[in-house]
Amino acid sequence: MQLLFESLFNGVAIGSVLLMAALGLAIVFGLMGVINLAHGELIMLGAYTTYVVQLIFKLPAFEPVYNLYVLVAIPLAFVVSGVVGILLERTVIRRLYGNPLETLLATWGVSLILQQFVRSVPLATAAGLVLALVVGFSLPLVLPASLLEGPRARLVRAGCWATSALSGVLLAGGLASQISRIARATSRNVDVTAPRWMRGGLEWADLTLPVPRLVIIVMTIVSVLGVTLFLNRSVWGTRIRAVTQNRSMSDCLGIPTDTVDVLTFGIGSGLAGIAGVAVSLLGSVGPNVGGSYIVGCFMVVVLGGVGNLFGAVLASFAIGWLTDLIGAGRLLTLWPAMPPPLAATVQFFATTSMAQVMVFALIVLFLQFRPAGLFPQKGRMVEV
Amino acid sequence: MFQRFQQSRWPQLLVWVLIIAAIVAAPAVLPVFRLNLLGRFLSLAIVALGIDLIWGFTGLLSLGQGIFFALGGYAAAMYLQLNSSSGFPNGIPEFFGLYGVKQLPAFWQPFHSPLFTLVAIWLIPAVLAAVLGNLVFRNRIKGVYFSILTQAALLVFFNFFNGQQKLINGTNGLKTDVTQLFGQMVGSPEMQRGFFWFTALMVIAAWVFVRWVVRGRFGDVLIAIRDDEPRLRFAGFNPTLFKTIVFAIAGGLAGIGGALYTVQSGIVSPQYMTVPFSIEMVIWVAVGGRGTLVGAILGAVAINYAKSLVSEAMPQSWLFIQGGLFILVVTALPEGVIGWWRSDGPRNLLTRLGITRRIGTYPQLELDGQEEVQP
């Protein structure tokens with residue numbers, strides 16, 4: 001019984017990280033049909049944002065509230081990854097709607113550039129650049145419309161960008177001088193120290209539940225609930241769903257499909273940023289951290305059924321639980337009197353990487369019976 | 001005037017004369033190191049031809065060609081290891097001793113035979129591709145889903161080969177440059193020169209073969225699958241069969257390329273199955289021009305040469321260039337360089353530069369009468 005519970009908890013823990021990472025992808029891929037191979041790098045950006053926030057909170061001025069840095073990191077990571085995602089959508093992806101294979105290649109190029117950017121550009125400069133982008137994009141949204149539409153609109157816009165550039169330079173300079181350690185290029189992996197309340201584990205019925213895992217599970221639940229509520233209850237969520245179902249009809253009915261695209265992509269990318277916070281709590285952060293999640297994310301989306309959030313939830317927990325069940329060789333513990341050949345097979349697959357092999361084989365087997373995943377899309381649009 | 005030049009056979013012929021002249025002249029001109037690199041890139045061109053066949057002509061974007069590439073390489077390396085392991089304890093390759101393996105694993109046994117190895121190099125990847133492909137195609141999984149599944153399969157094979165030290169030396173891979181073939185060291189300059197010639201011949205053979213495949217009715221069916229699969233199905237064809245065959249052919253070509261690459265680079269390791277390398281293969285074809293066979297060969301050789309030159313000069317910047325290339329070729333040059341040349345590209349460029357007059361009518365009207373059917 002206790003064994004079963006432990007396995008279940010591990011499965012949920014693995015699955016929730018996977019779900020967190022796949023949630024943004026499920027939105028972008030499921031609702032827009034865009035394959036974003038740079039999703040992993042957006043996760044990486046979120047993880048690095050957490051690292052930078054943590055470094056800033058180590059400054060003497062913020063020392064008393066150091067333990068709360070995660071609460072700042074989550075929204076900031078959302079914004080950073082979201083802005084980079086929107087930038088990506090505006091510059092590259094929007095030219096390629098309707099060509100999924102081309103999008104796939106272009107986003108792979110973007111992911112290579114982002115990886116190398118993180119490797120060779122000093123962290124302080126990168127942080128400054130990101131801040132400049134965030135400020136530059138958000139200032140026009142905050143300012144009253146009368147200023148932006150007025151006779152001096154150009155001057156106002158130029159002023160916005162000047163402010164953003166200034167803030168970026170200030171942050172970069174401040175970081176570089178304050179903490180000389182982080183001005184160094186980050187080709188090495190970095191570690192995020194968890195705040196004190198997040199260390200250790202929770203004792204419960206002679207089980208130790210690691211607190212970071214619990215925090216991630218909570219984050220996942222909140223994110224999934226938030227996204228579901230947003231899509232089903234809010235005005236913009238309804239518009240997103242309408243565009244998903246029938247783009248040209250929505251356009252005829254006056255829904256600004258262009259804005260909807262930006263919004264969907266921004267939210268999907270922002271969720272990748274939050275996933276980055278979760279990932280940074282689990283292990284060290286490096287330029288390749290995104291690559292290790294991307295294939296698993298796509299598996300979740302394909303298995304769950306494209307465009308179905310509930311399917312993604314179920315699929316990621318199924319994959320997580322199966323990975324734990326196979327990877328830890330739990331079948332052998334449950335049934336010690338297994339016949340030797342079977343036991344040898346179970347032993348053979350009882351490592352994390354071999355469990356991945358097995359899980360993939362099971363997914364392919366499953367797709368033989370349900371080619372469109374757990375919850376297939378219905379309707380005439382599907383075949384196209 | 002320019003159009004006549006563009007449409008005549010001369011440029012095509014010129015490209016081929018240049019390629020063959022370069023290949024013939026290379027051993028005399030290039031130092032051993034560069035010649036070896038060129039030989040490797042030519043073996044990658046064979047892989048690129050396979051990708052062009054499935055992506056350029058059939059519209060299947062496989063991100064998992066690294067599986068077949070590495071399998072071909074492993075087959076060749078296993079034979080070479082066995083061939084030169086008689087001096088080691090138990091008569092098995094040396095690395096087994098590190099993991100305490102006394103007896104050769106069963107699946108190594110057939111690789112004692114050179115004949116079996118020569119067949120296995122292309123047959124094992126082809127059969128695996130046929131099985132994997134058929135499982136996917138018969139469920140009508142296509143487009144991006146196919147790409148994602150091939151990528152996942154690649155990751156799985158990487159994990160498997162990376163983790164099995166006792167079977168195939170895991171992450172260290174199998175070395176071939178200190179093994180013996182025909183009583184000579186595989187890594188010796190003479191052998192490498194021989195491999196270069198053999199690779200060059202294989203590229204031409206592969207080109208002739210793929211050209212034979214894409215011309216004629218079989219090729220027409222492939223192009224029909226790419227352009228409108230449901231319509232082909234309603235016309236009474238079975239796309240699954242054709243896709244499986246063509247995916248198997250591409251897998252076999254990748255296996256041959258992998259074997260030739262392995263003997264020239266001196267090692268085969270799970271690194272050949274990494275996700276980035278397999279996606280890189282796609283960009284060779286994309287830059288050269290998908291759907292044009294010469295483009296695949298030129299793209300593979302040119303990009304790899306550029307990669308090695310740039311990496312030597314500025315190691316930091318290659319990924320930026322490669323990433324930029326992905327974006328550029330997709331947004332600005334979707335047909336690749338050769339495809340751009342064959343279509344309206346050069347004339348549009350000349351028009352933009354103000355050298356030729358802008359055409360008022362549809363270009364098709366002006367071409368009437370002198371048009372020739374492109375393959």
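Residue numbers restart at each chain and count upward from 1, following the sequence in its written direction. Here every chain gets a letter starting at A, and every ligand a number starting at 1, in the order they are written. Two thresholds apply to this predicted model, a pLDDT of at least 70 for residue-level local features and 80 or more for giving and counting side-chain atom pairs, whereas whole-chain, interface and lining totals are computed over all residues. Side-chain figures throughout are based on the complete set of non-hydrogen atoms in the structure, without hydrogens or water.

Asker: Which residues make up the overall build of chain A, and what values do they have?
Answerer: Numbered from the N terminus, helices here are DSSP runs of H or I no shorter than four residues, and strands are runs of E no shorter than two. Counting secondary structure elements, chain A contains 16 helices and two strands. Only protein chains enter the accessibility calculation, which uses a 1.4 Å probe. A residue is then buried if its area is under 20% of the maximum for its type, exposed if over 50%, and partly exposed in between. Evaluated residue by residue, chain A yields a buried proportion of 50% over its 384 residues. A separation of at least 24 residues holds for 75% of the contacts in chain A among residues at least 6 apart in sequence. Note on areas: these come from Shrake-Rupley sampling with a 1.4 Å probe, and a residue is covered only by the protein chains present in the view. Split by element, the accessible area of chain A, about 17,900 Å² in all, is 69% carbon and sulfur. The contact criterion used throughout is that any non-hydrogen atoms of two residues lie within 4.5 Å.

Asker: Before we move on, can you summarise empty space enclosed by the protein with the specific residues and values?
Answerer: The pocket and cavity definitions rest on a 1 Å grid over protein atoms only: a 1.4 Å probe that fits but cannot leave marks a cavity, an open set with protein on both sides within 12 Å along at least five of seven lines marks a pocket, and residues lining either have an atom within 4 Å of a point. Grid points are joined across faces, edges and corners, and a volume is the space filled by probe spheres set on the points. Overall, the coordinates contain five cavities of 30 Å³ or more when judged by the stated rule. The wall of the largest cavity is formed by 16 residues, among which L132, V136, L149, T150 and A153 of chain B lie closest to the centre. Listed by contribution, the elements that provide at least two residues to the lining of the largest cavity are α16 (352-369) of chain A together with α4 (65-83), α6 (114-137) and α7 (144-163) of chain B. Gly counts as polar in this scheme, as do all residues outside two lists: the nonpolar Ala, Val, Leu, Ile, Met, Phe, Trp, Tyr, Cys and Pro, and the charged Asp, Glu, Lys and Arg. Grouping the amino acids of the lining of the largest cavity by side-chain chemistry returns eleven nonpolar, five polar and no charged.

Asker: Lay out the interface of chain B and chain A in plain terms, naming residues and giving numbers.
Answerer: Taken together, the 39 residues of chain B in the interface contact 37 residues of chain A. With both sides pooled, the region where chain B packs onto chain A buries about 3,600 Å², and carbon together with sulfur makes up 78% of that total. Counting the surface chain B buries against chain A, the share from its top three residues, I148, L319 and F320 of chain B, is 15%. Throughout this description, the term salt bridge denotes a Lys or Arg side-chain nitrogen within 4 Å of a carboxyl oxygen of Asp or Glu. Inspection of the region where chain B meets chain A yields one salt bridge. The salt bridge partner of E102 of chain A is R290 of chain B, with a shortest N-O separation of 3.0 Å. For the side of chain B that touches chain A, the secondary-structure elements that each account for two or more residues are α7, α13 (275-288) and α15 (318-331) of chain B. Throughout, the accessible surface (probe 1.4 Å) given up by two parts as they are put together, summed over both, is called the buried area.

Asker: Can you tell me about the packing of helix α8 (residues 211-233) of chain A against helix α11 (residues 257-282) of chain A, naming the residues and giving the values?
Answerer: All names here are of chain A. The geometry of α8 relative to α11 is characterised by a closest axis approach of 9 Å and an angle of 170 degrees between their N-to-C directions. On the basis of the axis angle, α8 is roughly antiparallel to α11. Seen from α8, the contacting residues are P212, R213, I216, M219, S223, V227 and F230; seen from α11, they are L263, I267, L271, I274, V277, A278, L281 and L282. Partitioning the contact of α8 with α11 into residue classes produces 13 nonpolar, one polar and one charged. Interaxial angle, 0 to 180 degrees, is taken between N-to-C directions of lines fitted to C-alpha atoms, where a helix line uses only the stretch in contact. For classification purposes, an angle smaller than 35 degrees is called roughly parallel, one larger than 145 roughly antiparallel, one from 65 to 115 roughly perpendicular, and anything else oblique.

Asker: Quick one: what's the story with the pattern of salt bridges, residue by residue and with numbers?
Answerer: All names here are of chain A. This model, assessed by the stated rule, comprises ten salt bridges over all chains. Residues E89 and R90 are paired through a salt bridge, measuring 3.1 Å at the closest nitrogen-oxygen approach. Accessibility expressed as a relative area gives 0% for E89, which makes it buried. Taking the relative accessible area as the measure of exposure, R90 reaches 28% and is therefore partly exposed. Bridged by salt links that share partners, the residues E89, R90, R94 and D258 form one connected network.

Asker: How would you summarise the packing of aromatic side chains if you had to cite specific residues and measurements?
Answerer: Aromatic rings from Phe, Tyr and Trp, taking only the six-membered ring of Trp, are treated as a pair when their centres fall within 6.5 Å; an angle between ring planes under 30 degrees marks them as stacked, one over 60 as edge-to-face, and anything in between as tilted. Counted according to the given criterion, the structure contains 24 aromatic pairs over all chains. Geometrically, the ring pair formed by F41 of chain B and Y305 of chain B is edge-to-face, given 5.7 Å between the ring centres and 80 degrees between the ring planes. In this pair, F41 of chain B sits in helix α3 (residues 32-57) while Y305 of chain B sits in helix α14 (residues 293-313), placing the two residues 264 residues apart along the sequence. Since its relative accessible area comes to 6%, F41 of chain B is described here as buried. Through a chain of ring-to-ring contacts, the aromatic side chains of F69, Y261, Y272, F277 and W284 of chain B assemble into a single cluster. A ring is considered to have a charge above it if a Lys NZ or an Arg CZ atom is located within 6 Å of its centre and within 35 degrees of its normal. Lying across the ring of W236 of chain A, R239 of chain A places its NZ or CZ 4.5 Å from the centre.

Asker: Let's hear about the side chain of K243 of chain B: which residues, and what values?
Answerer: Position of K243 of chain B relative to the elements: it lies in helix α12 (residues 239-265). Residue classification places K243 of chain B among the buried positions, given a relative accessible area of 2%.

Asker: Tell me about the domain arrangement of chain A, and name the residues and values.
Answerer: Residues and elements named next belong to chain A. Boundary definitions for the domains trace back to an automatic or database domain assignment. Taken domain by domain, chain A comprises domain 1 (2-46 + 63-118 + 192-369) and domain 2 (122-184). Placing the centre of domain 1 and that of domain 2 at their C-alpha centroids yields a distance of 30 Å. Taken together, the five residues of domain 1 in the interface contact six residues of domain 2. Of the roughly 530 Å² buried between domain 1 and domain 2 on both sides combined, carbon and sulfur atoms contribute 98%. Among the residues domain 1 hides against domain 2, the three largest losses belong to V83, L87 and F117. Together they make up 65% of the total. Here domain 1 is connected to domain 2 by zero salt bridges. Counting residues per element, the side of domain 1 that touches domain 2 draws most heavily on helix α3 (residues 69-91), which supplies four residues. The residue inventory of the side of domain 1 that touches domain 2, partitioned by class, reads five nonpolar, no polar and no charged.

Asker: Before we move on, can you summarise the nonpolar core with the specific residues and values?
Answerer: Judged by nonpolar contacts, the single largest core of 203 residues is most densely connected at W55, W108 and W284 of chain B. By residue number, the principal contributor to this core is α3 of chain B, which donates 16 residues. Ignoring any residue separated from it by four or fewer positions in sequence, one finds W55 of chain B in contact with L101 and L105 of chain A together with L60, L61, V282, V285, A286 and R290 of chain B. Counting residues in each nonpolar core, the second largest holds seven residues, with Y79, V186, M191 and V263 of chain B among its members. Nine residue types can take part in a nonpolar core, namely buried Ala, Val, Leu, Ile, Met, Phe, Trp, Tyr and Cys, and a core is a set of them joined through side-chain atoms within 4.5 Å.

Asker: Provide a residue-level description of the layout of surface pockets, including the pertinent values.
Answerer: A volume near 1,200 Å³ is recorded for the second largest pocket. Lining of the second largest pocket is provided by 44 residues; of these, G291, S292, Y293 and Q356 of chain A together with L155 of chain B occupy positions nearest its centre. Across the lining of the second largest pocket, the residue classes tally to 25 nonpolar, 14 polar and five charged.

Asker: Break down α8 of chain A for me, citing the residues and quoting the values.
Answerer: For a helix, the expected span equals 1.5 Å multiplied by the residue count minus one. Counted at 1.5 Å a residue, the expected span for α8 of chain A with its 23 residues is 33 Å, and the 32 Å between its end C-alpha atoms agrees. Listed in full, the buried residues belonging to α8 of chain A are V211, P212, V215, I216, I217, M219, T220, S223, V224, V227 and L231 of chain A.

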